[in-house]
Amino acid sequence: MLLNTSLGMRCAVSIEELNIAVVGTGANGASLGADMIRAGLSVTYVDQWPAHVDAMRTDGLTVNFPDGTVEHTDIDAYHLCQVAELRRPFDIVFVSVKTYDTRWAVELVKPLLHQESVVVGLQNGMTIDDVADIVGPERTVGAVLGIAANMFEPGVVNRQVSRADTWTTVGMYSGVHTPQLDNVHAVLSTAAVTETSRDIRASKWMKLLANIPEMLPSAILGVPLLTAVHVPGVRETMDAASREAYALAKELGIAMVPIFGMTARDVPDSDQYALDLLDAVLKSYSLEDTRVAVLQDWDKKRHAELDAYNGYIVETRRKLGGSAPVNEAILKIANRIESGDLTPGLDNAELLVVAGNLAH
């Protein structure tokens, strides 16, 4: 039994009694939500891809695991326009939309929150600030994800990391440990190895440091991450971008904390840690055909989350003063692809190498 409290009110509930929503049921949100459902939890899916919602309603969700296991799960799925039909408030809302869709997605479900509800951003990037701005810090839970998956067909997810190797870290925006956080931890523990963090912003920064060298550079080359990292000169550019991001984090006073199953002993007091995080991604979260989220978006002709990765470093550095020339150059290349001026491909390798040479 878990305690769910707020403003002096107290009621004992089991997680099976919680009403849970997953808003944004792409590869990550859909597969984690399916694990929750298979554990006996009440989960409602909300998604903006009509064909995906229809497929899940008709045939459920199919999840293919890397060991060949296939799981089929019945799903209670709703189109965005049907959210107004829902009446029962949610205790926990997991938001798993693209970072640039965070604000409207949280506003969409805000009327379905009660006084003790929490919203959990199952996303990369610093979306905790957007969530807190809309629902308040006391109802905001940040999360860090360790999962690799893709979805190119409605109703079908391909997991590239086993359930046992999937992990999450969660923490309250305020840093205070609450019964609601215990509920979130218990729910996510049905889907992944889950930890709590007293400083979720620091934990999310660690994931950002891991994402900075991989997301845009490998997408720009149009190849899987394990291919991109071996293109001559590209790893050097990735490392230069990582060092810039690490320097910014230190200037912001961000504590360097272990993630990816590391311990405090694995955290050197230098920017080598940023490079080590990429090595951990390459070793534990990448298969030969793993294409990063940015490249998956471009494959689908969608806008990618550039501002959540290198763009976040460029903008945050600008606000503090100075520049991050390597990250800025990488971002410019990515924006050329977004505008249609370039296409992802190995022909862009020289541009990345030039970007890396801009390191201070």
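Preceding this section is the structure that the text describes.
Per chain, the residues get numbers from 1 upward, laid out in the order the sequence is written. Local features are withheld for residues below a pLDDT of 70 in this predicted model, meaning they are given only at 70 or higher, and side-chain atom pairs are given and counted only at 80 or more; totals for whole chains, interfaces and linings count all residues. Water and hydrogen atoms play no part in the side-chain values, which are based on all heavy atoms of the structure.

Enquirer: What is the right way to look at the overall build of the chain in this model?
Expert: Counting from the N terminus, the helices are the DSSP runs of H or I reaching at least four residues and the strands are the DSSP runs of E reaching at least two. The secondary structure content of the chain amounts to 14 helices and 14 strands. Since a compact globule built from 360 residues should have a radius of gyration of about 21 Å, the 20 Å found for the chain is in line with a globular shape. Dimensions of the chain, computed from the C-alpha atoms along their principal axes, are close to 60 × 45 × 35 Å. Buried, partly exposed and exposed residues are distinguished by accessible area as a fraction of the type maximum, computed with a 1.4 Å probe on protein chains only: under 20%, between the cut-offs, and over 50%, respectively. Expressed as a percentage of its 360 residues, the buried residues of the chain come to 59%. In what follows, residue pairs with any heavy atoms lying within 4.5 Å of each other are defined as contacts. Sequence-distant contacts in the chain: of pairs separated by 6 or more residues, those separated by 24 or more amount to 71%. Accessible surface for the chain amounts to roughly 14,900 Å². Of this, 50% is attributable to carbon and sulfur atoms. When charges are tallied, Lys and Arg are placed among the positive residues and Asp and Glu among the negative ones, while His and the ends of the chain are skipped. In this description, the location of a charge corresponds to atom NZ of lysine, CZ of arginine, CG of aspartate or CD of glutamate. Placing the 29 positive and 46 negative side-chain charges of the chain at their respective mean positions leaves the two points 3 Å apart. For this measure, only C-alpha atoms enter the radius of gyration; the expected value for a globule follows 2.2 Å times N^0.38, where N is the number of residues. Surface accessibility in these figures is a Shrake-Rupley result with a 1.4 Å probe; residues are shielded only by whichever protein chains are displayed.

Enquirer: Looking at this model, I keep getting lost on the side chain of Ser-96. Mind explaining?
Expert: Summarising the element assignment, Ser-96 is placed in the loop between strand E8 (90-95) and helix H3 (102-109). Residue classification places Ser-96 among the buried residues on the basis of a relative accessible area of 14%. If we ignore the near neighbours within four places in the chain, the residues touching Ser-96 are Val-23, Gly-24, Asn-28, Gly-29, Leu-122 and Gln-123.

Enquirer: Which parts of the structure should I look at to understand helix H2 (residues 50-59)?
Expert: Taken together, the buried positions of H2 are occupied by His-52, Val-53, Ala-55 and Met-56. The buried residues of H2 occupy an angular sector of 165° when projected down its axis, which confines them to one face. Contact partners of the buried residues in H2: strand E4 (42-47), strand E5 (61-64), strand E7 (76-79) and strand E11 (149-153). Taken from the residues just after H2, Gly-60 is the one with a positive phi, measuring 75°. Note that the arc is defined by the directions from the helix axis to the C-beta atoms.

Enquirer: Help me understand the environment of Lys-207 in this model?
Expert: Take Lys-207: it is sitting in helix H6 (residues 200-211). Sequence separation between Lys-207 and Asp-279 is 72 residues; the distance between their C-alpha atoms is 13 Å.

Enquirer: I'm lost on the sheet that holds strand E13 (residues 167-172) in this one. Help?
Expert: Pairs of strands are assigned from DSSP output, requiring at least two bridges between the strands. What the eight strands build is an open sheet, ordered E7-E4-E3-E8-E9-E10-E13-E14; its pairing is mixed. Looking at which strands have only one partner, the edges of the open sheet turn out to be E7 and strand E14 (193-196). Sheet twist, expressed as the average angle between the axes of neighbouring strands with direction ignored, equals 25°. Across the sheet, helix H5 (residues 179-188) lies against strand E3 (19-23), E8, strand E9 (113-121), strand E10 (140-146), E13 and E14, angled at about 170° from E13, the strand it touches most. Only C-alpha atoms enter the line fits that serve as axes; for helices the fit covers just the stretch in contact. Angles between N-to-C directions range over 0 to 180 degrees.

Enquirer: Explain the pairing of strand E12 (residues 156-159) to me, please; I cannot follow it from the model alone.
Expert: Two faces make up the sheet, and in a regular strand the side chains alternate between them. Summarising the sheet, E5 and E12 pair through three bridges and their orientation is parallel. When the sheet's bridge partners are listed, Thr-62 is paired in E12 with Val-156. Note: E11 against E12, three bridges, orientation antiparallel. Paired with Asn-150 across the strands is Asn-158, a residue of E12. Hairpin geometry of E11 and E12 is characterised by an intervening segment of two residues between the two adjacent antiparallel strands and by a positive phi of about 80° at Gly-155.

Enquirer: Explain the sheet that holds E11 here, please?
Expert: The strands that make up a sheet pair up through hydrogen bonds in the backbone, lying either parallel or antiparallel. Spatially, the four strands line up as an open sheet ordered E6-E5-E12-E11, and their pairing is mixed. Edge positions in the sheet fall to strand E6 (70-73) and E11, since each of these pairs with one other strand and no more. Averaged over all neighbouring strand pairs, the angle between strand axes comes to 20°, with direction disregarded. Against the sheet, helix H1 (residues 27-38) contacts E5, E6, E11 and E12, and its axis sits at roughly 75° relative to E6.

Enquirer: How should I be thinking about helix H10 (residues 272-284) in this particular structure?
Expert: Structural remark: α-helix, 3.6 residues per turn; residues separated by three or four positions point the same way. A helix is expected to span 1.5 Å for every residue after the first. For H10, with 13 residues, the first-to-last C-alpha span of 18 Å sits near the 18 Å given by 1.5 Å per residue. Of the positions making up H10, those classed as buried are Tyr-273, Ala-274, Leu-275, Leu-277, Leu-278, Ala-280, Val-281 and Leu-282. Considering only its buried residues, H10 is in contact with H6, helix H8 (225-228) and helix H9 (234-251).

Enquirer: What's the story with the packing of H9 against H10 in this structure? I'm lost.
Expert: How two helices pack is summed up by the angle between their axes together with the distance between the axes. For the pair H9 and H10, the least separation of the axes is 8 Å and the interaxial angle reads 125°. Here H9 lies oblique to H10, going by the angle between them. Here H9 and H10 pass one another in a crossing that is right-handed. Between H9 and H10, the residues in contact are Arg-235, Met-238, Asp-239, Ser-242, Arg-243 and Tyr-246 and Tyr-273, Ala-274, Leu-275, Leu-278, Asp-279 and Leu-282, respectively. Under the scheme applied, nonpolar residues are Ala, Val, Leu, Ile, Met, Phe, Trp, Tyr, Cys and Pro; charged residues are Asp, Glu, Lys and Arg; polar residues are all the others, including Gly. Looking at the contact of H9 with H10, its residues break down into seven nonpolar, one polar and four charged. Note that the term roughly parallel is reserved for angles under 35 degrees, roughly antiparallel for angles over 145, roughly perpendicular for angles of 65 to 115, and oblique for everything else. By convention, the crossing between two helices is left-handed when the near helix turns anticlockwise from the far helix through less than a right angle, and right-handed when the turn is clockwise.

Enquirer: What's the story with the nonpolar core in this structure? I'm lost.
Expert: Most often, soluble globular proteins keep nonpolar side chains buried together rather than apart. If you look at the biggest cluster of nonpolar residues, it comprises 70 residues, and the most contacted ones within it are Trp-205, Leu-216, Ile-220, Phe-260, Tyr-273, Val-294 and Trp-298. Phe-260 has contacts with Trp-167, Lys-207, Ala-210, Leu-277, Ala-280, Val-281 and Tyr-285, leaving out every residue within four places of it along the chain. Definition used in this section: a nonpolar core is a set of buried Ala, Val, Leu, Ile, Met, Phe, Trp, Tyr and Cys residues joined via side-chain atoms within 4.5 Å. Counting 41 residues, the second largest nonpolar core, distinct from the first, contains Ile-20, Val-22, Phe-65 and Ala-143.

Enquirer: Before we go on, may I ask you to explain unusual backbone geometry in this structure?
Expert: Most peptide bonds are trans, and most residues other than glycine sit at a negative phi. Backbone geometry places Lys-301, a non-glycine residue, at a positive phi of 65°. Note that Lys-301 resides in the loop between helix H11 (293-299) and helix H12 (310-320).

Enquirer: Honestly, the pattern of salt bridges in this entry has me stumped. Any pointers?
Expert: Opposite charge on two side chains allows them to pair when their charged atoms are near. For this document, the term salt bridge refers to a Lys or Arg side-chain nitrogen within 4 Å of an Asp or Glu carboxyl oxygen. Taken as a whole, this structure holds 18 salt bridges when the rule is applied. Between Arg-201 and Asp-129 there is a salt bridge; the shortest N-O distance is 2.7 Å. Within this pair, whereas Arg-201 is found in helix H6, its partner Asp-129 is found in helix H4 (residues 128-135), the two being separated by 72 residues in sequence. For Arg-201, a relative accessible area of 26% corresponds to the partly exposed category. Accessibility expressed as a relative area gives 29% for Asp-129, which makes it partly exposed.

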